[in-house]
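Coordinates in review
The lines below spell out each chain.
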Amino acid sequence: ATSYQAAGNLRTGLPPIIGPDLNQDVFSLPANVGTTTFPQVFHRGYIESYNFTVQRDAGAGFNVQAAYVGSRAIRQTVVQNINSAGPGGGNNGRALFPSFGRTATVNYFTPFNTASYNSMQLQVNRRVKGAMLGLSYTLSRAIDYADDEDSGLTWNWVPMLYRNKAVAGFDRTHNFQFFGDYGLPFGKGKRWVQSGLVAKLAGGWQLNWILSRYSGTPFNIVTSGTSVNAPGSTQTADQVLANVQILGGHGSGDPYFDPNAFGPVTAVRFGNTGRNIIRGPGFFNLDGSVFRDFSITERFVLEFRAEAFGVTNTPQFANPGATVSSATRNADQSIKALNGYDEITSATGERQFRFGLKLSF
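Heads up: these notes are all about the structure in this document. (Residues numbered from 1 in each chain as written. Predicted model: local features only at pLDDT ≥ 70, side-chain atom pairs only at ≥ 80, totals over all residues. Heavy atoms only, no water.)

1. Some remarks on the overall build of the protein chain
The helix and strand inventory of the protein chain stands at 2 helices and 19 strands. What you see for the protein chain is a C-alpha radius of gyration of 29 Å, clearly larger than the 21 Å of a compact globule of 361 residues, by over 25%. Buried residues in the protein chain amount to 34% of all 361 residues. Accessible area of the protein chain: about 21500 Å², with a carbon and sulfur share of 55%. (Helix = DSSP H or I, 4+ residues; strand = E, 2+ residues; numbered from the N terminus. Rg over C-alpha atoms; globule rule 2.2 N^0.38 Å. Buried < 20%, exposed > 50% of the residue type's maximum accessible area, 1.4 Å probe, protein only. Areas by Shrake-Rupley, 256 points an atom, 1.4 Å probe, with all protein chains shown as cover.)

As structure tokens, this is what we get:
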């Protein structure tokens, strides 16, 4: 009745609810009950966006564009656990324990620090009769302390707050797109084969496509936090090799990066790696479609559409498992079995087809 848990069963009846006095403006929670709340003074943040673009008609149907695009999130809102502890602190080392005996998490939904995005964006388009081709490329970097406005920090212990600044988990350094549509030059009013059976069969078709290729997303390399014993913060692994070789493996037993580049931490300290230090597999996809109009009468036109998403059926691999302490090791600390660490075991991106008819009048 006093532990804020279920009563048990209806046979015993509903116990009296013993809760805080809601007539008070401020009341104390039990020391072992966590909460998410707001600071009494909420200094609201804001976003600045800015861009500069140069565009030129290069002749022969070419249009070239170059742009700088950036933004800053001033005082980005995050969820900060203000009752965290330092290395070796345990529950008794939590910030609010000495004064209040509090051992539970106290999350502040609070304005915190600045996030930024900067990019160079290039685009080339060419339009000619019956066709449009385009290329675009973006080189960018997003930096933040937490990826979303309601994300928790990796390190909440105050002396470690600066370590949260890193490349964002959604950052994709390179983004290349090739797109276009092309009407086949056959049939009435077209360049070639304007009449006859071939014109009727080949005329009126339009091809469309979007090819995408971009970088993978970064992720943390973590390990067991038993030795650091710092509630409220995430324990990252130690990097033990100067360079981390990306092996590119996919599937069980086939490591994506050199698994011996990182090791678990057994001392009372945080690991030496930061947030988002390794980038996962890149992304490739091709979507395509074929359209054709059939004139039924002067008033009615029937459009046929055949669309394919993931034409090449290329799998989009997820990031590998990143918990170093999951692996089993030999006596010399070399990897004996990965056990999910450094293994990519899931993917999406199956090919899909869609067909449609559209009647216009």
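That covers the picture; the talk isn't over yet.
2. Notes on the side chain of Asp-342
Structurally, Asp-342 can be placed in the loop between strand E17 (335–337) and strand E18 (347–348). For the buried Asp-342, no salt bridge is present, and the opposite-charge side chain at shortest range is Arg-329, 9.3 Å distant. In terms of polar contacts, Asp-342 uses its side chain to reach the backbone amide nitrogen of Phe-257, at 3.0 Å. Leave out the neighbours within four places in its chain, and Asp-342 touches Asp-254, Pro-255, Tyr-256, Phe-257, Asp-258, Pro-259, Pro-320 and Gly-321. (Lys, Arg positive; Asp, Glu negative; His and termini not counted. Salt bridge = Lys/Arg side-chain N within 4 Å of Asp/Glu carboxyl O. Polar contact = N/O pair within 3.5 Å; in protein donor to acceptor, adjacent residues only side chain to side chain. Contact = heavy atoms within 4.5 Å.)

3. Details of the environment of Thr-223
By the secondary structure assignment, Thr-223 is in the loop between strand E9 (218–219) and strand E10 (238–239). Taking relative accessible area as the criterion, Thr-223 reaches 8% and is therefore assigned buried. Thr-223 sits 42 residues away from Asp-181 along the chain, and the two C-alpha atoms are 49 Å apart. If sequence neighbours within four positions are ignored, Thr-223 has contacts with Gln-235, Thr-236, Ala-237, Pro-264, Val-265, Thr-323, Val-324 and Ser-325.

4. Here's the deal with the pairing of strand E2 (residues 46–59)
Along E2, only 0 of the 14 residues are buried, which leaves the element largely exposed. As defined by bridge partners, E2 adjoins strand E3 (residues 62–81) across 13 bridges and the pair is classed as antiparallel. Across the sheet, residue Gly-59 finds its bridge partner in E3, namely Phe-62. If you look at the hairpin formed by E2 and E3, you'll find 2 residues sitting between the two strands, and Ala-60 has a positive phi there, around 55 degrees. (Pairing = 2+ DSSP bridges.)

5. Some remarks on the nonpolar core
Counting residues in hydrophobic clusters, the biggest one holds 15 residues, and the most contacted among them are Phe-219, Ile-221, Phe-257, Phe-262, Ile-278, Val-324 and Tyr-341. Among the nonpolar cores identified, the runner-up in size contains 6 residues, and Val-78, Phe-112, Tyr-145 and Leu-153 belong to it. (Core = buried A, V, L, I, M, F, W, Y, C linked by side-chain atoms within 4.5 Å.)

6. Here we look at the environment of Leu-29
As for its position among the elements, Leu-29 is in the segment before strand E1 (35–37). It is 9.3 Å that separates the C-alpha atoms of Leu-29 and Gly-19, two residues lying 10 residues apart in sequence. Every residue in contact with Leu-29, bar those within four places of it in the chain, is listed here: Gly-34, Thr-35 and Arg-102.

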